[in-house]
Every structure is written in C-alpha cells, then in structure tokens.
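Architecture and fold: a report
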Amino acid sequence: MKRFLILLAAMIPCFTQAQWSHSPDTAKAALLGSFFNSIVADGDGGAIILGRKNSLYTAQKVNKDGYIVWDPTLQGLTVIIPDSANDVTIGRDTYLWPDGKGGVYIGYDYYDFLRILTDPEYVVIYDLDTYVQHLDEGGRRIWGNKGIPLSTLKGTNPNYYNVAASQIMALGGDGHGGIVAVWNFSDYDSLGNVSGGTYIQRVDASGSVLWEENGRRVSAFGSVQALVDEQGSVFVVTLQGNSSGTDLRRHILKINVAGQLLWERPVSISIDNLIGGKILSDGLGGVYILSYAYDQIDPEKKGIIATRFDKDGNELWGERGIVICDSIGSQGFMESAIKFKDSDFIVSWTDARKRRNVYLQRVDCNGALLWNERGIPVSSVGSFKMHCRLLETSGNEIIAIFHDRRDSIGITYAQKFNENGEAQWRNIDVLVSTRIYPGKLISDGRGGAIISSGQAGPDRGVYIYRVDKDGNLGGVVSVKHRKEDDVPKRFDLYQNHPNPFIRETVIRYSLPSGPHYVQLKVYNIHGEEVVTLVNEIQAKGNHVVRWSGVNHDGMPVAAGVYFYKLQVGQVHLVKKLVVMR
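In this text the structure is predicted, and so the values were computed from the model without any measurement.

This next bit is on the overall build of the protein. Helix and strand content of the protein: zero helices and 40 strands. Looking at the protein as a whole, 55% of its 581 residues qualify as buried. Just so you have it, the protein exposes about 24700 Å², and 50% of that area is on carbon and sulfur atoms.

A grouping of Ile525, Val561, Phe563 and Val574 is seen on the molecular surface, where their side chains present a nonpolar patch of about 330 Å² in accessible area. Inspection of the secondary structure puts Ile525 in the loop between β36 (516-524) and β37 (529-538). For Ile525, a relative accessible area of 57% translates into the label exposed.

Its volume calculated, the largest pocket comes out at about 2100 Å³. If you go around the largest pocket, you meet 49 residues; those closest to its centre are Tyr95, Leu96, Trp97, Ala337 and Ile338. Of all the secondary structure elements, the ones that give two or more residues to the lining of the largest pocket are β3 (37-41), β7 (88-98), β11 (162-173), β15 (223-228), β19 (274-281), β23 (331-340), β27 (386-393) and β31 (440-443). No other element matches the seven residues that β7 contributes to the lining of the largest pocket. Class assignment of the residues belonging to the lining of the largest pocket gives a composition of 24 nonpolar, 13 polar and twelve charged.

On to the pairing of β27, then. Direction of pairing for β27 relative to strand β28 (residues 397-404): antiparallel, over a ladder of six bridges. Note on β28: the bridge partner recorded for Leu390 is Ala400.

Aromatic rings considered in pairs are described by the distance between their centres and by the relative angle of their planes. As enumerated under the stated definition, the model contains 14 aromatic pairs in all. Residues Trp349 and Tyr359 carry aromatic rings whose centres are separated by 6.4 Å and whose planes lie at 25 degrees to one another, so their mutual orientation is stacked. Taken together, the residues span a long stretch of sequence, with Trp349 in strand β24 (residues 344-351) and Tyr359 in strand β25 (residues 357-363) at a distance of ten residues. Taking the relative accessible area as the measure of exposure, Trp349 reaches 0% and is therefore buried. Taking relative accessible area as the criterion, Tyr359 reaches 8% and is therefore assigned buried.

Do not read the predicted coordinates in detail wherever pLDDT is low. Averaged over every residue, the pLDDT of the protein is 82; the share at 70 or more is 80%. The least confident element of the protein, judged by mean pLDDT, is strand β1 (residues 5-7) at 36; the most confident is strand β39 (residues 560-568) at 96. Contacts for the low-pLDDT stretch residues 1-18, under 50 throughout, to residues beyond four places or in other chains number 61 contacts. Note on residues 476-485: pLDDT is under 50 here. Beyond four places in sequence and across chains, it has 27 contacts.

The next point concerns the pairing of strand β4 (residues 47-53). The buried count for β4 comes to five of seven residues, which makes it a mostly enclosed element. Linking β3 to β4, which pair antiparallel, is a turn of five residues; within it Gly43 sits at a positive phi near 90 degrees. Of the pairings in the sheet, the one linking β4 to strand β5 (residues 56-62) comprises seven bridges and is antiparallel in character. Paired with Ala47 across the strands is Val62, a residue of β5.

This next bit is on the nonpolar core. Counting residues in each nonpolar core, the largest one holds 22 residues, and the members touching the most others are Tyr509, Leu520, Val522, Leu533 and Trp547. Contributing elements (two or more residues each) for this core: β35 (505-511), β36, β37, β38 (541-547), β39 and β40 (571-579).

Attention shifts here to unusual backbone geometry. A cis amide bond, omega -5 degrees, links His497 with the succeeding residue Pro498. Each neighbour pair has its own omega, and for Gly514 with Pro515 the value is 10 degrees, a cis peptide bond. Looking at the secondary structure, you find Pro515 in the loop between β35 and β36.

Judged by pairing direction, the sheet is antiparallel, and its four strands sit side by side in the order β37-β36-β39-β40 without closing on themselves. Single-partner strands in this sheet number two, and they are β37 and β40. When strand polarity is set aside, the average angle formed by the axes of neighbouring strands in this sheet is 15 degrees. The pairing of β36 with β37 spans eight bridges and is classified as antiparallel. For Val522, the partnering residue across the bridge sits in β37 and is Val531.

Rules of the game
Residues numbered from 1 in each chain as written. Predicted model: local features only at pLDDT ≥ 70, side-chain atom pairs only at ≥ 80, totals over all residues. Heavy atoms only, no water. Helix = DSSP H or I, 4+ residues; strand = E, 2+ residues; numbered from the N terminus. Buried < 20%, exposed > 50% of the residue type's maximum accessible area, 1.4 Å probe, protein only. Areas by Shrake-Rupley, 256 points an atom, 1.4 Å probe, with all protein chains shown as cover. Patch = residues over 30% accessible without salt bridge, like charges linked within 9 Å, V, L, I, M, F, W, Y side chains within 5 Å. Salt bridge = Lys/Arg side-chain N within 4 Å of Asp/Glu carboxyl O. 1 Å grid on protein atoms, 1.4 Å probe; cavity = no way out; pocket = protein on both sides within 12 Å on 5 of 7 lines; lining within 4 Å. Points joined across faces, edges and corners; volume = space filled by probe spheres on them. Nonpolar A, V, L, I, M, F, W, Y, C, P; charged D, E, K, R; others polar. Pairing = 2+ DSSP bridges. Phe/Tyr/Trp six-rings, centres within 6.5 Å; stacked < 30°, edge-to-face > 60°. pLDDT = per-residue confidence, 0-100. Contact = heavy atoms within 4.5 Å. Core = buried A, V, L, I, M, F, W, Y, C linked by side-chain atoms within 4.5 Å. Axes fitted to C-alpha atoms, helices over the stretch in contact; angles between N-to-C directions.

This is the structure we're talking about:
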C-alpha cells in the first residue's frame, strides 16, 4: 500500500469562503503586537482571543470561517481603560468564560499604582486587585472601563512592595448566565508575614454582585488549585499547616452555587513529595485531584497519582490513590489533563522511555486505566516532544497538539485519538505550525480544533490555525460557492515544507482552471522517477499532497536531493527538495 495521502481541499464543500490558512508557515494573524494569549470558543464555531499589549489587554473575535469580526486592523479591542498610565495588568492570571451569547467574561488581576517611595530605596508601591469584565458579542465593554471589582481589599502595611495582593484562580459559569470567580487574597505585615485566604464571588448576567463586597472568604488558607464545575459549584484545594509553615496538609472544600460550604475534607496523599497538580470535575458532582510525585529517598522514582472525591466528600481511591503510570524512573512532568466523555479523564505527561515522548492515559470513574497500562505515545515518529495540550471533540475523540523536534527545529504537530486510544489521522501526525511552541486549543464545534500561538520578535502577535475533523489544515471552499477572486490566478507549485525533511513533507500547488489531468511526480538527481504522487483529473483550486519519503514500492528513499514536478497539460513546474536520514 502506498504511504502517501492526497488532500483535495477544493473538492470538499463548505457554506462560504474560508479564511483559515492552509499552510503551517502562514497562520491567521489575530492580534498584532500582543504576545500573551488566552482563547475561548464563541459558541458558534469561532473563537475569542485575548492578548496583552503594553501591559494592557486587547481582544479579538474570529468567526467559524476564519473572518476577523471585531477589529480588522488586528490591534484588538480595548478590554479595560486604566485609571492611571502607571496601572498595569498581570498577563499570567487571566481566565475566560463564554457568556453563551457570543461574548465573553474575563477575569484578571490589576496592578493599581499607589505611589513611589525613594527612602531608603526606590520602590514602586502597587495594590493588586481582581476584576471581571464582560464583552458582548460585538466586543463592547458592558461593565465599564475596568469591569467589576471582585476584590479591592487594602493591606495593613502601606510601605510593603505589594500593599495587598489578589490572584484569580478560577472562573466559570453559574448555570444562570452569570459567573463564579475564585481568588486568593494576601496581606503582608511589616515583617513580611502573610495572611489572607481564599475568596469567591458570584456575579449575575446584569453585573450585580450577589455576595459580600470584596467576596466571601471560604478558607483562611490560600488555594493551590480551584475549579468551578458544570453546576457552578466551587472546589478549592488549600494548603493548611501550623504558624511556622510546617506540617502542611492539603484540604479540599466544596461550595455550592449559593455560596454555602457543603464539606471540607483532608486529602490523604501527603504533599511532602508532590510537585504541582491539577483538579478536574468528575461530571457527577465530585472531583479528581491529580498530583505529580517523587520518592524522597529515590527521586528517580516519580509518577502521577490521582485520587477522587465524590459529590458528598468521600475519598474513593484510598489513602495512596491510584498510580497513572508505573514506568518508574521514566516519567517527566504532567502536562495536561481533561475530563473525557461523562465522567472519565485523560492525562498527558512527558516520558523518557523511548527518547523523549509524550504519553496519554484514560482513566474511568472507578480508577481503572483503560488504555495500555503504561500509557500510549502521542506519536511514534520523531523525538523530544513536550508542551502537549488536549481537547475533547465531538464523537468521543480527543485532539492532542505537541511540540516536536523531529526535523531539527521545534514545530507543532497534532493527532486525533478515538476513545480506545487509536490514532485517527492516517497514523501520520498533522503539521500544524512552524512556530516554536503550541499555544492553546478549543473546539471548532465541528470535530476539529482552533489553535492559538504567540510569537515574539518582529512579527510579535497572537496567531491562530484551524485543523478540521479529518486532520486538514485550514478551511475549505466549494467550487459552487467560490468567488472568482478566490480562484488561483495562475498555476503554482510551492516549496515543500519542511525542507529538508526526515519523515514527511507537504507539497502544495494551485490550479487556476479545471478540471485538468494532473500529474505530480518525484525524481532523483539522475532523472529517474521515484514515485507518482498525483495521477488524476482535478478541479481548479488549491491542492495539498503529503509525501512520507518512500518510493513506488513503499520503501524509504535514500538521503539526498530530489526534484518534484507538476505537469498540467503544457504546464511543467519543478522544485527541489532534500531528504535527510
């Protein structure tokens, strides 16, 4: 069987012209000049993107066909108007939640400039507060210049670097069109000692704050993980210990959408050997807590441990939880975890068993490992993978994007898996982007994904890609609905990418008219035919071919220089490519 695949973008119908990029080199620009980004689905197959530019936030909306909706200049709409030119926002602590009407809620932290001290040293004093803003479907600020304050508590020490600090930890829907937010508040005394706790607040769709001013304190201890589930209930994991900060233990609290504490329980798994963690809804009113742990005596013994609390606060998986993977000594850090189907979850982690790969595991609500007991690799091609992100799509499938150095530089690939952990996209990973690291991804509502990525340097900005349900990059246009301006103006054969390549490369070409009889062949430096990639009648439009570096017999070709030739009637176009082994 031949190991190449032909993707005929022009032959797949779509309602209207798509503006998504078909090339991993040319992403759709969403916000120029911004770098930090968050992304959320708009509820209609498109996306709302948040960027950070000059210490303040800008927002953009892109519809399902890839058209820019809010700001065609790509500078983005202003999310907040600060009180002072010295005020800034904190890019790493931002949460988005769709309002269900094409708009978005944005929870963020805000540095409120107070004053500058010059004695005994130069110090800038800020008050760090937490706000929530609402942009409607047209991108208009509904809740004023800065949004609604969730916490503006003042500290007790006016000369400390941060007078008081709030840090948002979670944002989610309340089930009635409003939102519930969770944040930590910290106050510093003259000796630098910290007090405060975990706070929550509910805001309805009209912008009315439903609980106490500056929030309802649910714990005297700060949270390390927080979650707002599908019903608007809040789960908070806190660290509790004595005044000296020793003998720390994790506790989990559940608060219902009315703001009432339902239960608080200690988490049995000790924190002495834990590094980080994640919290996920179990879809049944409870939660999963995932922890990355190592053995204090033998740090090479490390792995991922999970436990579950049901809706009534019962810890179900014992004092030691369950071990996600028992490949001791190989596991790296946990990278991503998502709820899957109704009550399962899928987790990814880096792993050094075979080069450096990313592995995935599915776990059900009873703690059973449903895939290979040591997980499945996200890809069997290439090496040094990391930065994996996961997304559940329709049809009980997931899409994973990941950073890969298979072609000597780090680029982004994607793969889709079914509920049994089987790769769905031709067992060949989809090259999504030549940008260094993958960003974030959301569902496109049609079985595919929209992926955002930030880029630094002269092209600084937030860029987005779309991968459809079949693994095709970009949108597609039907011949029936295509505008004449969208038809290629000439025959073109583009440079393959990546080039040089090791395992797979992509060749694109354009036909300004048709149908035509088309041939695309690869030759060696002696002019001998190596393989025929296309040999059929094709319609006008843009076409894409993947070649995995094999000949007519399916055998890998030798490293070296090759030529690929497009022939359409009297038109002959030739490009050079390089195979590396």
